[in-house]
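Chain residues, written in single-letter form:
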Amino acid sequence: MNDNNQLKIIKQNSKLELLKSKNLLNITNKILSKKDSSNKIDESWIERLFKWADENNIPNYEWVEDKDNDDGGYYNGIPRDVETLLKLKNLKLYDLDFKQLPNEFFNLIQLEELKIKNSNLKNLSSGIKNLKNLRDLSLSKNQLSKLPNELQNLTKLTDIHL
């Protein structure tokens, strides 16, 4: 293969990667700032998530002291302010009582670590596929009987604890 052909292939691959990046950015922007026809940001999914959290007695994002934890504790619950919620990378929901996560939960696309322990979770939705940055998933001591096939599409996921 001559140098001109190699250069053409490299340019085509670069264009394809750029197009994929633009598409991913567009999807991310749609999720983070859904706009209605009047061009206003649609944060109704956030309000629905807060409502679900309130109805299921999910605490506000608060520090729980735990001497057995290397950090002396951990944050448990869902933050009730939008800015913290949208930037959330680590989320722990321990010792709560809910059967499933609402679809709105899977808009938290910045999540890298999700730990739901001892919370009676019975079903994990295929919406988990939206959590593309997820690298650590812990679902121990719940009531799950199966996991969604979409977990296999989470390419950054390296740790699963059941």
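Let me sum up the structure you'll find in this document. (Residues numbered from 1 in each chain as written. Predicted model: local features only at pLDDT ≥ 70, side-chain atom pairs only at ≥ 80, totals over all residues. Heavy atoms only, no water.)

Topologically, N90 is positioned in strand β3 (residues 90–94). Remark: the alpha-carbon pair of N90 and L111, spanning 21 residues in sequence, is separated by 5.9 Å. Sequence-distant contacts of N90, that is, excluding residues within four places in its chain, are made with Y61, L111, E113 and R135. (Helix = DSSP H or I, 4+ residues; strand = E, 2+ residues; numbered from the N terminus. Contact = heavy atoms within 4.5 Å.)

Once that is clear, we can look at the environment of S125. Within the secondary structure, S125 is located in the loop between β4 (113–117) and β5 (136–138). Remark: the alpha-carbon pair of S125 and L147, spanning 22 residues in sequence, is separated by 8.4 Å. A polar side-chain atom of S125 sits 2.8 Å from the main-chain amide nitrogen of G127. (Polar contact = N/O pair within 3.5 Å; in protein donor to acceptor, adjacent residues only side chain to side chain.)

Looking now at the packing of aromatic side chains. One pass over the full model with this rule turns up five aromatic pairs. Summarising the aromatic geometry, the rings of W52 and F98 are spaced 5.4 Å apart at their centres and angled 75° between planes, so their arrangement reads as edge-to-face. Pair noted here: W52 is in helix α2 (residues 44–55) and F98 is in the loop between β3 and β4, with a separation of 46 residues, a long-range link. Using a relative accessible area of 1% as the deciding quantity, one classes F98 as buried. The rings of Y61, W63 and Y75 are connected pair by pair, giving a single aromatic cluster. Stacked on the ring of Y94, the Lys or Arg K117 has its end atom at 5.8 Å from the ring centre. (Phe/Tyr/Trp six-rings, centres within 6.5 Å; stacked < 30°, edge-to-face > 60°. Buried < 20%, exposed > 50% of the residue type's maximum accessible area, 1.4 Å probe, protein only. Lys NZ or Arg CZ within 6 Å of the ring centre and 35° of its normal.)

Before going further, it helps to examine α2. Between its first and last C-alpha atoms α2 spans 16 Å; for 12 residues at 1.5 Å apiece the expected length is 16 Å, and the two agree. Along α2, the residues that are buried comprise W45, I46, L49, F50, W52 and A53. The arc that holds the buried residues of α2, viewed along the axis, is 160°, so those residues lie on one side. Facing away from the buried side of α2, by more than 90 degrees, are the exposed residues E47, K51 and E55. (Expected span 1.5 Å × (residues − 1). Arc of directions from axis to C-beta.)

Once that is clear, we can look at the side chain of D136. Looking at where D136 falls in the secondary structure, it is placed in strand β5. Judged by its relative accessible area of 8%, D136 falls in the buried class. When sequence neighbours within four positions are dropped, the list of residues in contact with D136 reads E112, E113, L114, K115, L157, D159 and H161.

With a phi close to 65°, N120 is a non-glycine residue in the positive phi region. Of note, N120 is situated in the loop between β4 and β5. Phi at K141 is positive, roughly 55°, even though this residue is not glycine. Tracing the backbone shows K141 in the loop between β5 and β6 (159–161).

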